[in-house]
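Residues per chain are reported as follows:
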Amino acid sequence: MPIATYSRNNLESQSARCHDYRQLLAWGLFVFSFVFCLLGCRDSEVKVESHVGHFIPPHRPADLGAAWHRIEQLTTLISDNGTIPNWRDVARRDPHVSLTELEKLPTTAWDELIDVVGWLPDLAIDSDLPETVWQTISEQSGAMAKLLNDVNPRSEGRRANH
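Asker: Tell me about the nonpolar core, and please be specific about residues and values.
Answerer: Membership of the largest hydrophobic core comes to 30 residues, with the highest contact counts inside it found for Leu 64, Ile 71, Leu 113, Val 117, Ile 137 and Leu 148. Of all the elements in the fold, those that place two or more residues in this core are helix H2 (64-79), helix H3 (87-92), helix H5 (109-126) and helix H6 (131-151). For this core, the element with the most residues is H5, which contributes ten residues.

Asker: How would you sum up the confidence of the model for the protein chain? Please name residues and give values.
Answerer: Here the protein chain averages 75 in pLDDT, and 62% of its residues register 70 or above. Taken together, the stretch residues 41-52 has pLDDT below 50 and engages in 21 contacts with residues farther than four places along the chain or on a different chain. Of the regions scoring below 50 in pLDDT, residues 157-162 engages in 17 contacts with residues more than four places distant in sequence or in other chains.

Asker: Quick one: what's the story with the packing of H5 against H6, residue by residue and with numbers?
Answerer: Packing of H5 against H6 leaves a shortest axis separation of 8 Å and a crossing angle of 165 degrees. Overall, the two elements H5 and H6 adopt an arrangement that is roughly antiparallel. Between H5 and H6 lies a crossing whose hand is left-handed. The residues of H6 that touch H5, namely those facing Trp 110, Leu 113, Ile 114, Val 117, Leu 120, Pro 121, Ala 124 and Ile 125, are Trp 134, Ile 137, Ser 138, Ser 141, Met 144, Ala 145, Leu 148, Asn 149 and Val 151. Of the residues in the contact of H5 with H6, the class split is 14 nonpolar, three polar and no charged.

Asker: Run through the packing of H2 against H5, naming residues and quoting values.
Answerer: Where H2 contacts H5, the two axes come as close as 10 Å, and the packing angle between them is 160 degrees. When the axes of H2 and H5 are compared, the pair comes out roughly antiparallel. Classified by chirality, the crossing of H5 by H2 is left-handed. Of H5, the residues touching H2 (which contributes Leu 64, Ala 67, Arg 70, Ile 71, Leu 74, Thr 75, Leu 77 and Ile 78) are Ala 109, Trp 110, Glu 112, Leu 113, Val 116, Val 117, Leu 120, Leu 123 and Ala 124. Tallied by class, residues from the contact of H2 with H5 come to 14 nonpolar, one polar and two charged.

Cut-offs applied
Residues numbered from 1 in each chain as written. Predicted model: local features only at pLDDT ≥ 70, side-chain atom pairs only at ≥ 80, totals over all residues. Heavy atoms only, no water. Core = buried A, V, L, I, M, F, W, Y, C linked by side-chain atoms within 4.5 Å. Buried < 20%, exposed > 50% of the residue type's maximum accessible area, 1.4 Å probe, protein only. Helix = DSSP H or I, 4+ residues; strand = E, 2+ residues; numbered from the N terminus. pLDDT = per-residue confidence, 0-100. Contact = heavy atoms within 4.5 Å. Axes fitted to C-alpha atoms, helices over the stretch in contact; angles between N-to-C directions. Parallel < 35°, antiparallel > 145°, perpendicular 65-115°, else oblique. Left-handed = near helix turned anticlockwise from the far one by under 90°. Nonpolar A, V, L, I, M, F, W, Y, C, P; charged D, E, K, R; others polar.

Structural data, given as structure tokens:
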């Protein structure tokens, strides 16, 4: 098989696979948007906290509404090849943050999106949603986190900071 044909076929296969992932991602975002329409939109700021022995990353949303808003921002940034704040610089202002904790902070919009999706179950539990709804959020966010890790162009085994 000529190299040009192999490359074209390979690119077409990758393009089809990428299209399938985008459809799954769009479907997952649709499910989340439906749940958040039930919840209602609330504008909240991002928490930047540190407690003795417990570090809360500066990019962790304060609640479910803030998480949804950040997911929308991050998906737009990813599609526009935008950048995120340097969370390591933000966290360095806290004297209790260790170097290990700093290294876990995201450096790309993909990494931050994976983190935020990973926190959705905890944020849903902390909300006033009925148990059946936050269980659905937990199941869907697990599937979405796996999908995002699979399609992340830099997936090198990075795990979400829960």
